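Fold and geometry: a report
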Amino acid sequence: MSILTPQAAHHDHSPSGQSPSNSSSGGLATFATLFLKDLALLRPIAATVTAFVLLAALVVAALPLLGVSALRWFGYTQRDDLFDRLDPVASIALVGGALVPFLCAPMILQGDRSRGAGSFFATLPISCTTRWMSKLAAALVVGLVPFVLAGLLRAPSFAVKSDDISNAMSLAALAWLAGAAGAVFVRGVPSAAILGAAFAGAIAALAWSIAALIQMPIYRGVFAWTGFDAEFNDYLEGNPVGTFLKNAASSRADAMPMWVLIATVVAALLLVIWKGRKIVVNGSEPLRKFRGVLVGVCAIALAGSGVAGVLHANRARLFARDFASYQDEFRQGFERLDKLPTDELFRSWIAQRAANTYSERNLLHEWILRENGGYLRPSSSDDLFDSSRELLPDSTDHFAWAGLEGEVAAVNKRRNGEPAAFERIVRGVASGEIPATLAERMSAADQLGPYHLAAVAAEQLASSPNLTERLRAIRSLAKLVRVDVDQGSLEAVFDPSRRKMARDGIPGFALHPSLSTNFVGQARARAVISLVALEYALAQAARDGDRTRLADLFGGPAPVVTAEVLAKARAELARPIPELRESVEQARARTVDPADVEALDALLRAKAVTVEQLEAVRRGAECPIAELFDLTQTDPVYLRGFEGK
Amino acid sequence: MNKQERNPTSSVADEAAVALRSAAESLPPAAQSSDSAHHAMNPTKARSAQPIGVDCRGLVTRFGYVRALDRFNLTVEPGECVGLVGRNGAGKSTLFRAMLGLGSLDAGTIEFTPRLDRGDLLARTGYVPDTLSIYDWMTVGRALNFAARCQPRFDSAWTNELLALLALDRSKSVRALSRGMQARLAFVLGLAHRPDLVLLDEPLLGVDAITHDIVLEVLARMRARDGTTVILATHQPGDLARLVDRVVFVERGRAHTSIAIDDLVDRTKRIVVHGANAGTRLNASCKFSPEAGVLLTRSTEVGATSQLTVTFDGDAHAVEEAIGKIAPEARISRVDLTIHEACADRLRALEVKS
């Protein structure tokens, strides 16, 4: 006699708990049959996503047939090749891959029931393992379809976009779990998807709230003890979700609380799925006795959030410790400059600023890596920079810059107290009346305004003894105008964040469309525009002598720059810049700074896949100035002095 | 008692026999050459059968505050055929699901004889639900192939013969099947592996008269030859006489009465008491002795007079004597009940009682 008791009904009598049986079917043929059946269940969803993505790809491929206006309407230029245009379609596929599992999970788990075969499927003598394995295999296959599509669409730049794909796959995994958890409670596929999403969100919110409640008094205690209430508020004002996501991207130790909370959500979802596994296979009624499950979920959320709260508290302790050293550095920097006489203080500050801003290392980073090679980097991790990331136990030297901030505070205090002295010294250094290096003159001119800086940069360009000096001058001139890439056309605008150069009154111009990704060519063209703007401003100042106008333009007396200097600067601009790729390799050979070595190595590793882009950079560095502009829309004044160069 | 009245389906059964013969004659040559119709009615030659017995004790299943099964007890001997009769929602389907392990039990035990693990149980049990349970994107043939690959005891020859008998087209889409055709397919899927225990949950809803008789005949022959155990839940008590050994009445999750089918009509009696106000007086004051076994009394107004209908399973003389004491002027007439009426009155009685 076989006896089924309530316990047996819960365990032995369930597919997952069934004992081995000769009559249970679990062979390969059965698995294949179930697998095909589960694939058929998901076919409507997979087919819809695939059809949508392929249709979008087809539209993108056919866009050129519709003309330039259609291309531009969709945000493409004529120069965008097919794979460039397919990039957003790949994003659609990734979004589908990340979100579709919300629907797929309930469909695959409830599909037998929702398609009317619940009792039939449940009464087949198939082993539990075979049932689940077929479902998992079908889920894997269908779940990968959008990612394979995205990978195919992004094949040329797959390595560059791998972050997106891995992020989408992570979200998809969570979506599978959430959808499955929703399927345990309700029978409808859409409602299960919505419930699953809400369920995951609720667990995350619960865990986050509890962790915040745990960490809050600890933070308050720590910061009250160290006396940094203001910084504490600043620290907490940031968007916690955004901060956590940034930390996730950083994969640093201080991202641990977030991973703990993610693990908490996953564990809670797994508990729900485990408790409901009989329901989704048997096609029986939705989860009863959910109070037990709810208690389990809450217990997991409490445990996970407790761990996260402790980790947060530890971060608060480190933050407080590091902040104390920051304050110490700050105070030392402030006192170091504050005790100097005014003239010496300002001169010292200008010299220090020049050394920092125009140093060789700075040039290497800002010019080669950021402006010329920044787009080669695998991810824009700088954009995800989160100051809290610096608050790590191993970041003992991260507050060296605090001393500089202290010095800046001392300078600002003195400048506000003695503005006339500051003006006198800065103008003296910028104009050369006070003996100074060119770097110091540029640093001082930078304080006076863009025309002063352009004048000194032109002088530096005209007298540049080597490539480094030349690059510094070109960079200084180029940074005075900003180039926006909009709808495939290039438009130069003057940097709104600085004291503006006058956009009015200078002749019209348009950059060559090929410069949209050619930063060296852009820089040369922007330097030309700066020179022309300087010439026009100086000519206008000489012509009308209007003091108010001069004050608007120059913030005081106009800079002094001769026609010979301007002509020579133009000649220097027309000269080709040696191939930067070689410069990177040379720089790598002589660099010892670990940060530089790492960045340069990454750049060199990427060289193989970016030969074409580097070639474009080389063309931009060597081509005649005339090729940098769209000649049909550019006033000839921009090409004066560059004829034949 | 008129036997014709007691079993109104007997004439239909005769017609079904004719239909079966004509169905066998209409089989394709291959099927005819294998004597498929004969095989269909005599499904014994392929393998030996070992009937399964079931003993349910104290089953309790709750859905929230509702007890779908409330200390349900039922014993079915191997080879026995039991009919379950009860109103909608009485707990019949829940009982089947509990037997198959599809729903959890809150209390109670289910014992199978011989001892079976779940795999064996499912392999040797046929379940025919009241609605077709198969993927609607499949064709009939594909659905059967699916079942064949997943059911190790699937009998293709037997299935083909059932298909032929029930006139099911393999190429037809499940989605396109009518209600009756779906019931036929559900029946084939449930019996395709020649189960030793058959659970039928309203299998004949929506089927035509010929199919109805074929289904009952197939089940009867399976019982006769294989000794298959059958538990049939039905709202058509007329089916019971042709198939079951006894009837169990189910009300609000409990099995209340178990009665042999042959005794059902004999033991369920009804009298009608006529007379001015006799019905009203009797209904208000009549106290029947326990020997009377009164199940149900109903008072109705017929013009200026009232009448009382009494259904009972005890001694008729005791009932008539009790009535005569209160309303000597009343005229009493006995009514012969059909199985359908007997079941309906017993169900009403249970409902009133509970």
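Above this text sits the structure in question.
Here the structure is a predicted model, which means the values were calculated and not measured. (Residues numbered from 1 in each chain as written. Chains lettered and ligands numbered in written order. Predicted model: local features only at pLDDT ≥ 70, side-chain atom pairs only at ≥ 80, totals over all residues. Heavy atoms only, no water.)

1. Things to note about the packing of aromatic side chains
Counting across every chain of the model gives 6 aromatic pairs over all chains. Here the aromatic rings of tyrosine 135 of chain B and tryptophan 137 of chain B are separated by 5.0 Å at their centres, their planes lie at 35°, and the arrangement is tilted. Residues tyrosine 135 of chain B and tryptophan 137 of chain B agree in their burial class; the two are buried. An angle of 85° between the planes, with centres 5.6 Å apart, marks the rings of tyrosine 135 of chain B and phenylalanine 146 of chain B as edge-to-face. A residue pair is termed long-range when its members are at least 10 positions apart, and tyrosine 135 of chain B in the loop between β5 (125-128) and α7 (140-150) and phenylalanine 146 of chain B in helix α7 qualify at 11 residues. For phenylalanine 146 of chain B, a relative accessible area of 3% corresponds to the buried category. Members of the aromatic cluster, each reached through a chain of ring pairs, are Phe346, Trp349 and Phe422 of chain A. (Phe/Tyr/Trp six-rings, centres within 6.5 Å; stacked < 30°, edge-to-face > 60°. Buried < 20%, exposed > 50% of the residue type's maximum accessible area, 1.4 Å probe, protein only. Helix = DSSP H or I, 4+ residues; strand = E, 2+ residues; numbered from the N terminus.)

2. Here's the deal with the pairing of strand β2 (residues 66-76) of chain B
Both strand β1 (residues 53-63) of chain B and β2 of chain B contribute to a ladder of 8 bridges, which runs antiparallel. Along β2 of chain B, the bridge assignment pairs phenylalanine 63 of chain B with valine 66 of chain B. (Pairing = 2+ DSSP bridges.)

3. Focus on unusual backbone geometry
All names here are of chain B. Note that the residue after threonine 113, namely proline 114, is joined by a cis bond; omega there is 0°. One non-glycine residue, arginine 194, lies in positive phi territory at about 50°. By secondary structure assignment, the location of arginine 194 is in the loop between α9 (179-191) and β6 (197-201). Notably, glutamate 202 is not glycine yet its phi reads approximately 50°, a positive angle. Relative to the elements of secondary structure, glutamate 202 occurs in the loop between β6 and α10 (209-226). We classify glutamate 202 as buried; its relative accessible area is 4%.

4. Things to note about the sheet that holds strand β8 (residues 246-251) of chain B
Across a sheet, paired strands are connected by hydrogen bonds in the backbone, their directions being either parallel or antiparallel. Residues and elements named next belong to chain B. Spatially, β5-β6-β7-β3-β8-β9 is the arrangement adopted by the 6 strands of the open sheet, whose pairing is mixed. Edge positions in the sheet fall to β5 and β9 (254-260), since each has one partner strand and no second. Ignoring which end each strand starts from, the neighbouring axes of this sheet average 15° apart. Taken together, the 4 bridges between strand β3 (residues 81-86) and strand β7 (residues 229-233) define a ladder with parallel strand orientation. Within β7, the position partnered with leucine 84 by the bridge is alanine 233. Running at roughly 150° to β6, helix α5 (residues 92-100) makes contact with β3, β5, β6, β7 and β8 of the sheet. Across the sheet, α9 lies against β5 and β6, angled at about 170° from β5, the strand it touches most. (Axes fitted to C-alpha atoms, helices over the stretch in contact; angles between N-to-C directions. Contact = heavy atoms within 4.5 Å.)

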